[in-house]
Amino acid sequence: DKLSMAANYSWIIPDVAENRPDQTSQLNFDGTYDLGTNWRARGDLRYDFEASKATRAGVGLRFQTDCVQFDLSLSRRFTSSTSVRPDTKVNLGISLIGFGSGSRPARNKCNG
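Residues numbered from 1 in each chain as written. Predicted model: local features only at pLDDT ≥ 70, side-chain atom pairs only at ≥ 80, totals over all residues. Heavy atoms only, no water.

(A) Focus on the packing of aromatic side chains. According to the stated counting rule, one finds four aromatic pairs in the structure shown. For the ring pair Trp39 and Phe63, a centre distance of 4.8 Å and an interplane angle of 55 degrees mean the geometry is tilted. With Trp39 in strand β3 (residues 39-48) and Phe63 in strand β4 (residues 53-64), this pair connects stretches of sequence that are 24 residues apart. Trp39 gets classed as partly exposed once you look at its relative accessible area, which sits at 39%. Chaining the aromatic ring pairs together yields one cluster made of Tyr9, Tyr47 and Phe49. (Phe/Tyr/Trp six-rings, centres within 6.5 Å; stacked < 30°, edge-to-face > 60°. Helix = DSSP H or I, 4+ residues; strand = E, 2+ residues; numbered from the N terminus. Buried < 20%, exposed > 50% of the residue type's maximum accessible area, 1.4 Å probe, protein only.)

Here it is as structure tokens:
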């Protein structure tokens, strides 16, 4: 129950009608690991077999109680084209659980 992993492989043939002139062959991997009380780590990777390189990668850390959730993540996009440039993002998210975050507290009241 501490480890969760998912992977999928996509192979898409070229289709000029959909503005997709090149074949796509990618592997996506996502994983999370429960580090202990209130802490969870995650990682993800997208690998392009046609280009023989990673196109995206990310890591993150989450702290969550019954009342609040903090997310810190780092992601990197390696690909480049005329419309998309490589970039790195650092994100910090804070959610008050049960107040517009779309999630509900584990109990009916928040004790901190």
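(B) Fine view of the pattern of salt bridges. Evaluation of the coordinates by the stated rule reveals four salt bridges. Here Asp71 ties to Arg62 by a salt bridge, and the two come within 2.8 Å at their closest N and O atoms. What makes Asp71 partly exposed here is its relative accessible area of 24%. Its relative accessible area of 32% is what places Arg62 among the partly exposed residues. Ionic pairing is found between Arg77 and Asp87, a salt bridge with its closest N-O pair at 3.3 Å. Separated by ten residues along the polypeptide, Arg77 in strand β5 (residues 68-77) and Asp87 in strand β6 (residues 87-96) bring together distant segments of the chain. (Salt bridge = Lys/Arg side-chain N within 4 Å of Asp/Glu carboxyl O.)

(C) Region of interest: the pairing of strand β2 (residues 24-36). Summarising the sheet, strand β1 (residues 3-12) and β2 pair through ten bridges and their orientation is antiparallel. Bridge assignment links Trp11 to a residue of β2, and that residue is Ser25. With ten bridges joining them, β2 and β3 adopt antiparallel strand pairing. If you follow Leu27 over to β3, its bridge partner there is Tyr47. Counted between consecutive antiparallel strands, the loop separating β2 from β3 contains two residues, among which Asn38 sits at a positive phi close to 75 degrees. (Pairing = 2+ DSSP bridges.)

(D) Structural view of the sheet that holds β6. Read across the sheet, six strands follow the order β1-β2-β3-β4-β5-β6 without closing on themselves; strand pairing throughout is antiparallel. Whereas interior strands pair on both sides, the edge strands pair on one side only; in this sheet they are β1 and β6. Sheet twist, expressed as the average angle between the axes of neighbouring strands with direction ignored, equals 10 degrees. (Axes fitted to C-alpha atoms, helices over the stretch in contact; angles between N-to-C directions.)

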